[in-house]
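Each chain, letter by letter, is given below.
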Amino acid sequence: MLPSSNRGHHPFSDQLALGRRAQSPIQPQGEAWNALAVLRAGQVFDNPAWVEQGRRLMHQLIKVQNDLGYFDEGPHHGPSMKYNQVMLAPMLLFVDYTK
């Protein structure tokens, strides 16, 4: 369990709060699944705070998308259609669960 001072802190939040594109060793598709899991757990266990946290995490993750419309797998990698396809699954489920 995270210490109470770190609860709700997302690795991208500091940079996003400053208006910068997030740079993190964490792969976006893993974070997308994490955001989806938090959202879904909140729905299943009727915990609105978890639902909101999952929404915020996913919305922050969208800001990591490259200006050209794709998610970088890492620095100097460029577009990867397979990687974008991997990102699509948790995002589509997110849309489905939040209708």
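Report follows, based on the coordinates. A quick note: this is a predicted structure, and the numbers were derived from the prediction, not measured.

1. As for the overall build of the protein
In terms of regular secondary structure, the protein is built from four helices and zero strands. The order of helices and strands in the protein, counted from the N terminus, is α-α-α-α. The buried share of the protein, reckoned over its 99 residues, is 30%. Taking contacts inside the protein between residues at least 6 apart in sequence as the whole, the part at least 24 apart equals 54%.

2. Quick word on helix H4 (residues 81-97)
Between its first and last C-alpha, H4 extends 25 Å over 17 residues, near the 24 Å set by a 1.5 Å rise per residue. Largest kink in H4: about 25°, centred on Leu-88, with the proline Pro-90 one to four residues after it. Along H4, the positions that sit buried rather than exposed are Tyr-83, Asn-84, Met-87, Pro-90, Met-91 and Phe-94. Contact partners of the buried residues in H4: helix H2 (28-44) and helix H3 (48-62).

3. A look at the pattern of salt bridges
When the charged atoms of two side chains with opposite charge come close together, those side chains can pair. Summed over all chains, the structure comprises one salt bridge. Residue Lys-99 pairs with Asp-96 through a salt bridge whose shortest N-O separation is 3.9 Å. For Lys-99, a relative accessible area of 80% corresponds to the exposed category. Accessibility expressed as a relative area gives 43% for Asp-96, which makes it partly exposed.

4. Notes on unusual backbone geometry
Positive phi is not limited to glycine here, since Asp-46 has a value of about 50°. Within the secondary structure, Asp-46 is located in the loop between H2 and H3.

5. Observations concerning the nonpolar core
Counting residues in each nonpolar core, the largest one holds 14 residues, and the members touching the most others are Met-58, Leu-61 and Met-87. At the level of elements, H2, H3 and H4 are the ones that each hand at least two residues to this core.

6. As for the packing of H2 against H3
Following both chains from N to C, one finds H2 and H3 inclined at 160°, their axes separated by 7 Å at the closest point. One way to sum up the angle between H2 and H3 is to call them roughly antiparallel. The chirality of how H2 crosses H3 is left-handed. Contacts between H2 and H3 involve Pro-28, Glu-31, Ala-32, Ala-35, Leu-36, Val-38, Leu-39, Ala-41, Gly-42 and Gln-43 from the first element and Trp-50, Val-51, Gln-53, Gly-54, Arg-55, Leu-57, Met-58 and Leu-61 from the second. Of the residues assigned to the contact of H2 with H3, the class counts are 12 nonpolar, four polar and two charged.

Conventions and cut-offs
Residue numbers run consecutively from 1 along every chain, following the written order of its sequence. Totals for whole chains, interfaces and linings use all residues, but because this is a predicted model, local features are given only for residues with pLDDT of at least 70 and pairs of side-chain atoms are given and counted only at 80 or more. Each side-chain value is derived from all of the structure's non-hydrogen atoms; neither hydrogens nor water enter the calculation. Strands here mean DSSP runs of E at least two residues long; helices mean DSSP runs of H or I at least four residues long; both are numbered from the N terminus. Exposure categories follow from relative accessible area, calculated using a 1.4 Å probe and restricted to protein chains: below 20% of the type maximum is buried, above 50% is exposed, and the middle band is partly exposed. Whether two residues touch is decided by their heavy atoms; if any such pair falls within 4.5 Å, the residues are in contact. Every helix has an expected span of 1.5 Å times one less than the residues it contains. Bend at a residue means the angle formed by two fitted axes: the first through the 7 residues ending at that position, the second through the 7 residues beginning there. For this analysis, a salt bridge means a side-chain nitrogen from Lys or Arg found within 4 Å of a carboxyl oxygen belonging to Asp or Glu. By nonpolar core is meant a set of buried Ala, Val, Leu, Ile, Met, Phe, Trp, Tyr and Cys residues that side-chain atoms within 4.5 Å join together. The axes are straight lines fitted to the C-alpha atoms, using for helices just the contacting stretch, and the angles between their N-to-C directions are given from 0 to 180°. Working rule for angles: under 35 degrees goes down as roughly parallel, over 145 as roughly antiparallel, 65 to 115 as roughly perpendicular, anything else as oblique. Crossing chirality is assigned from the near helix's rotation relative to the far helix, an anticlockwise turn below a right angle marking it left-handed and a clockwise turn marking it right-handed. In this classification, the charged set is Asp, Glu, Lys and Arg, the nonpolar set is Ala, Val, Leu, Ile, Met, Phe, Trp, Tyr, Cys and Pro, and all remaining amino acids, among them Gly, are polar.

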